[in-house]
Amino acid sequence: MHDFSSYALIIDARSPREYEEDHIPGAVNMPVVNNDEYAEVGTMHRTDKMGAYSIGVRYSLANIARHLSEDLPKYPKDGKVLVYCFRGGKRSKLWFDALETIGYNVEKLQGGWKAYRRWVNEQLETVPAKFQYKVLSGPTGCGKTRLLYALRDAGCQVVDLEAIARHRGSIIGAVPGTPQPTQKYFDTLLLQDLAKCDPARPVWVEAESKKIGNVQLPDSLQDAMRKGATIRLHADMQQRVSLWREDYKHFEEDPEGLLERLRFIRSLVGGKEYEEWEKLAAERQMPELFERLMRNHYDPAYRRSILREYPNIDQSPLIELNDLSPAGLLEVAKKIREQYDN
């Protein structure tokens, strides 16, 4: 597969809907047909192949002309350009011919996005196993993600799986206003992050279950993480509640929205416990509600989950986090790097 960093511009010639599902990192969507045009051509193709291509080419020439006047001037004329579509067929050929005629140094990705996607899948079967992982574990709200950021600031190699997934990894973990990537684009972004890492140095991650919201970790990554070294984190309940009040401020202001999400686990915790949550939410006693949620649901659930993934977790080193501020965590991260980052 190409070294994509060598191109000044990568043009994704597919429709916006295809681009949103997955694309080569850094690629710019300059579709030859938009979503509606693509659907129209596809529908006609079933009964009138030549007529479909005739309409498709007319749309394509008009759209390419617009891209040439509005979008191409933003990029250097002397840089290498890569063009791709779904299979490296007609849509990328139309772009390729136009750019080559003008005089651009242009290449077409053989096999198109389909070949790229196959390459990503192949890479994800082997690349995760090239690294040694240091896995942070600890119940929700204990500062795992913030410590991960501090470790990055301290010079450690970090892969933030929840950031790539745009999700905090629980039933209430959706990030407001930020949709999750598709599974295919999550795979793309994960491979991109791993490719930046040095196999000679450990990679720090959080312990995660198979799914983070709607996306799944590759089996190869989970297997490699299970073979890594685990470190347990602990913070007192007061700090954990404070952290939740910052991270879940949107739920503090909308307890009904929180209860609506938690409705899906009512059968797990029992009606009586859920009624206690409803009562605290109605009274706007959010610190008390957050603590009860952690003690009576999240902590036991995390305990069951971590023991499934890491049966020997209790033998791992334990780090007490007494200060979850950025400055406090940076001091801890520096000590961790000295002791464990080798």
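This report concerns the structure included in the present document. Because the structure is predicted, anything quoted here is derived from the model rather than measured.

**Considerations on the layout of surface pockets**
Approximately 1100 Å³ is the volume attributed to the largest pocket. Taken together, 42 residues make up the lining of the largest pocket; nearest its centre are T140, R168, G169, S170 and Y298. Looking at the lining of the largest pocket, the elements that each hand over two or more residues are helix 6 (144-153), helix 7 (161-165), helix 10 (237-247), helix 13 (266-269) and helix 15 (286-309). At 11 residues, helix 15 tops the list of elements feeding residues into the lining of the largest pocket. Grouping the constituent residues of the lining of the largest pocket by class yields 18 nonpolar, 12 polar and 12 charged. Here the second largest pocket is characterised by a volume of approximately 560 Å³.

**Structural notes on the packing of aromatic side chains**
By the definition in use, this model includes 10 aromatic pairs. Between the aromatic rings of F86 and W113, the centroid separation amounts to 5.8 Å while the plane-to-plane angle is 25 degrees, which identifies the pairing as stacked. Placement of the pair is F86 in the loop between strand 3 (80-84) and helix 4 (90-102) and W113 in helix 5 (residues 112-126), with a sequence separation of 27 residues. A relative accessible area of 7% places W113 in the buried class. Centroid distance F131 to Y133: 6.4 Å. Interplanar angle 65 degrees. Geometry classified as edge-to-face. In terms of burial, F131 and Y133 fall into one category: buried. An aromatic cluster is present here, built from W244, Y248, F251, F290 and Y298 joined pairwise through their rings. Of note, K80 hangs over the ring of Y7, and the distance from its end group to the ring centre comes to 4.6 Å.

**A closer look at the environment of I55**
Tracing the backbone shows I55 in helix 3 (residues 49-70). Given the relative accessible area of 14%, I55 is considered buried. For the pair I55 and M44, spaced 11 residues apart in the sequence, the C-alpha separation amounts to 9.3 Å. Not counting residues within four places of it along the chain, the set of residues in contact with I55 comprises E40, V41 and M44.

**Some words on helix 6**
For helix 6, every residue scored as buried is listed here: K144, L147, L148, A150 and L151. Buried residues of helix 6, viewed axially, fall in a sector of 165 degrees; they line one side. On its buried side, helix 6 packs onto strand 5 (133-137), strand 6 (157-158), strand 7 (203-206), strand 10 (229-234), helix 15 and helix 16 (326-340). G155 sits one or two residues past helix 6 and shows a positive phi near 100 degrees.

**Examining the environment of G141**
Looking at the secondary structure, you find G141 in the loop between strand 5 and helix 6. The class of G141 is buried, set by a relative accessible area of 10%. For the pair G141 and M294, spaced 153 residues apart in sequence, the C-alpha to C-alpha distance is 8.5 Å. Ignoring any residue separated from it by four or fewer positions in sequence, one finds G141 in contact with R240, L243, W244 and L324.

**Let's talk about the state of the cysteines**
With the rule as written, the count across this model stands at 0 disulfides. Here C197 is not cross-linked by a disulfide; its sulfur's nearest cysteine counterpart is in C156, at 12 Å. In this structure C197 comes out as buried when scored by relative accessible area, which is 13%.

**Some details on the side chain of N29**
Positionally, N29 belongs in strand 2 (residues 28-29). A distance of 3.0 Å separates the side chain of N29 from the backbone oxygen of R14, its partner in a polar contact. Those residues within four positions of N29 in sequence are excluded, and the remaining contacts are D12, R14, S15, P16 and Y19.

**Considering the pattern of salt bridges**
Evaluation of the coordinates by the stated rule reveals 23 salt bridges. E331 serves as the salt-bridge partner of K334, at 3.8 Å between the closest nitrogen and oxygen. Of this pair, K334 and E331 both sit in helix 16, 3 residues apart, which is roughly one turn of that helix. We note a salt bridge from R337 to D341, for which the minimum N-O separation is 3.7 Å. Taking relative accessible area as the criterion, R337 reaches 34% and is therefore assigned partly exposed. D341 sits in the buried class, given a relative accessible area of 12%.

Conventions used here
Residues numbered from 1 in each chain as written. Predicted model: local features only at pLDDT ≥ 70, side-chain atom pairs only at ≥ 80, totals over all residues. Heavy atoms only, no water. 1 Å grid on protein atoms, 1.4 Å probe; cavity = no way out; pocket = protein on both sides within 12 Å on 5 of 7 lines; lining within 4 Å. Points joined across faces, edges and corners; volume = space filled by probe spheres on them. Helix = DSSP H or I, 4+ residues; strand = E, 2+ residues; numbered from the N terminus. Nonpolar A, V, L, I, M, F, W, Y, C, P; charged D, E, K, R; others polar. Phe/Tyr/Trp six-rings, centres within 6.5 Å; stacked < 30°, edge-to-face > 60°. Buried < 20%, exposed > 50% of the residue type's maximum accessible area, 1.4 Å probe, protein only. Lys NZ or Arg CZ within 6 Å of the ring centre and 35° of its normal. Contact = heavy atoms within 4.5 Å. Arc of directions from axis to C-beta. Disulfide = S-S within 2.5 Å. Polar contact = N/O pair within 3.5 Å; in protein donor to acceptor, adjacent residues only side chain to side chain. Salt bridge = Lys/Arg side-chain N within 4 Å of Asp/Glu carboxyl O.

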